[in-house]
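Working through the structure, step by step
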Amino acid sequence: MTLQQEIVGNAMQMAVVSLQPGQTVYCEAGKFLFKTTNVTMETRLGGPSGGGGQQAQPGGSGSGGMGGLLRQAMGTAMQAGQRALAGESLAFQYFTTQGGEGTVGFAGVLPGEMRALELDGTRAWFAEKDAFVAAESTVDFGIAFQGGRTGRSGGEGFVLEKFTGRGTVIIAGAGNFIDLNPADFGGRVEVDTGCVVAFEEGIHYGVQRVGGLNRQGVMNAVFGGEGLSLATLEGDGRVILQSLTIESLANALKKAQGGDKQGPTGGLFSTNAQ
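In what follows, the accompanying structure is described. All values reported here derive from a predicted model rather than from experimental measurement. (Residues numbered from 1 in each chain as written. Predicted model: local features only at pLDDT ≥ 70, side-chain atom pairs only at ≥ 80, totals over all residues. Heavy atoms only, no water.)

**Some details on the nonpolar core**
By size, the foremost hydrophobic cluster in this structure holds 21 residues, and its most contacted members are Y26, F132, F163, V169 and I171. When residues of this core are traced back to their parent elements, those giving at least two are β6 (92-97), β8 (114-120), β9 (125-128), β10 (132-136), β11 (139-145), β12 (159-172) and β15 (196-200). If we skip the residues at most four places from it in the chain, F132 touches Y26, C27, E28, K31, F92, F141, E161, F163, V169 and I170. Judged by nonpolar contacts, the second largest core, of 15 residues, contains L3, V39, M114 and I170. (Core = buried A, V, L, I, M, F, W, Y, C linked by side-chain atoms within 4.5 Å. Buried < 20%, exposed > 50% of the residue type's maximum accessible area, 1.4 Å probe, protein only. Helix = DSSP H or I, 4+ residues; strand = E, 2+ residues; numbered from the N terminus. Contact = heavy atoms within 4.5 Å.)

Printed below as a string of structure tokens:
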């Protein structure tokens, strides 16, 4: 059953979901806006993973007795531990309608767009940290750690949210979305590390240094506002970028409050006000 949803608004969009009997949608804590009275809300530490969103019931035939309960508890603890290491919220909120159609509203935390992605079970989607808003219970949520030099150099790219299974997942970003396929641009695009919102499985994400260790490379890093690295996206698949980065929004707010510490050079010499 396809999740019925509508994304409304302009500068700060929200998703209005119509739940049918038997459907469950879950969101990250803090993304819920409103619901009708016939929709129940339950907060859990664990999220759907590895089972199409099916939650084991204590004492049920699929629980395997005490051993099943222990495995379930350990799985929940591992999920919570991963999310804690990633700096994500520990809890999910689940919404299910009781007796007829129900309505639930969700939103992101930054001014910008939202997008509903339809997963058919063949390709996973990866998204930047905090992009997730809500999803059907048939969509599995996981954390993907970009290891080695890519993660340490990429800033926002170190921790990615991973979505698998079948169903609808709703993500949010800052500013306006730009959709592209690297295959249409010679197979590779280079972007600011803070501009990546989400991409399909099959896209290779990496990080490269801005220029070489020469005069122009130093000029790019110091005065160009990009620091030392750019994100690279290669392959054939969908990519979603955002026009506003969290860093640029934070700098604009600091400047408006008289606390701008960036100075005339930007780039490598930028500092964050505490």
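From this point, things continue past the structure.
**Describing the side chain of E200**
Locating E200 in the fold gives a position in strand β15. With a relative accessible area of 13%, E200 lands in the buried category. Of the polar contacts made by the side chain of E200, one reaches the backbone nitrogen of R238; its length is 2.8 Å. What E200 contacts, discounting residues up to four positions off in sequence, is R123, A124, W125, G237 and R238. (Polar contact = N/O pair within 3.5 Å; in protein donor to acceptor, adjacent residues only side chain to side chain.)

**A few points about the sheet that holds strand β1 (residues 4-8)**
Strand pairing in a sheet takes place through backbone hydrogen bonds and is either antiparallel or parallel in direction. The strand order β1-β2-β7-β4 describes an open sheet built from four strands, whose pairing is antiparallel. The open sheet has two edge strands with one neighbour each: β1 and β4 (32-35). Geometrically, the sheet is characterised by an average inter-axis angle of 20° between neighbouring strands, direction not taken into account. (Pairing = 2+ DSSP bridges. Axes fitted to C-alpha atoms, helices over the stretch in contact; angles between N-to-C directions.)

**Looking at the packing of aromatic side chains**
We describe a pair of aromatic rings using the distance from one ring centre to the other and the angle between the two ring planes. Within the structure shown, the criterion is met by twelve aromatic pairs. With 5.6 Å between their ring centres and 40° between their planes, Y26 and F132 make a pair best called tilted. With Y26 in strand β3 (residues 24-28) and F132 in strand β10, the pair connects residues that are 106 residues apart, well separated along the chain. F132 shares its class with Y26; the two are buried. Considering the side-chain rings of F95 and F106, the 5.5 Å spacing of their centres and the 75° angle between planes classify their relative orientation as edge-to-face. Of the two residues, F95 sits in strand β6 while F106 sits in strand β7 (residues 102-107), which places them eleven residues apart along the sequence. Residue classification places F106 among the buried residues on the basis of a relative accessible area of 0%. When the ring centre of Y94 is taken as reference, the NZ or CZ atom of R44 above it lies at 3.8 Å. (Phe/Tyr/Trp six-rings, centres within 6.5 Å; stacked < 30°, edge-to-face > 60°. Lys NZ or Arg CZ within 6 Å of the ring centre and 35° of its normal.)

**Description of the side chain of S18**
Take S18: it is sitting in strand β2 (residues 14-19). A residue is classified by how much of its surface remains accessible, and S18, at 17% relative accessible area, is buried. Ignoring any residue separated from it by four or fewer positions in sequence, one finds S18 in contact with Q4, Q23, E101 and G102.

**Comments concerning the sheet that holds strand β16 (residues 204-209)**
Read from one edge of the open sheet, three strands run β14-β17-β16, paired in antiparallel fashion. Each end of this open sheet is capped by a strand with a single partner; those strands are β14 (188-191) and β16. If you compare each strand with its neighbour and ignore which way they point, the axes differ by 30° on average. Where β16 and strand β17 (residues 229-234) come together, six bridges link them in antiparallel fashion. Counterpart to Q208 in the pairing with β17 is L230.

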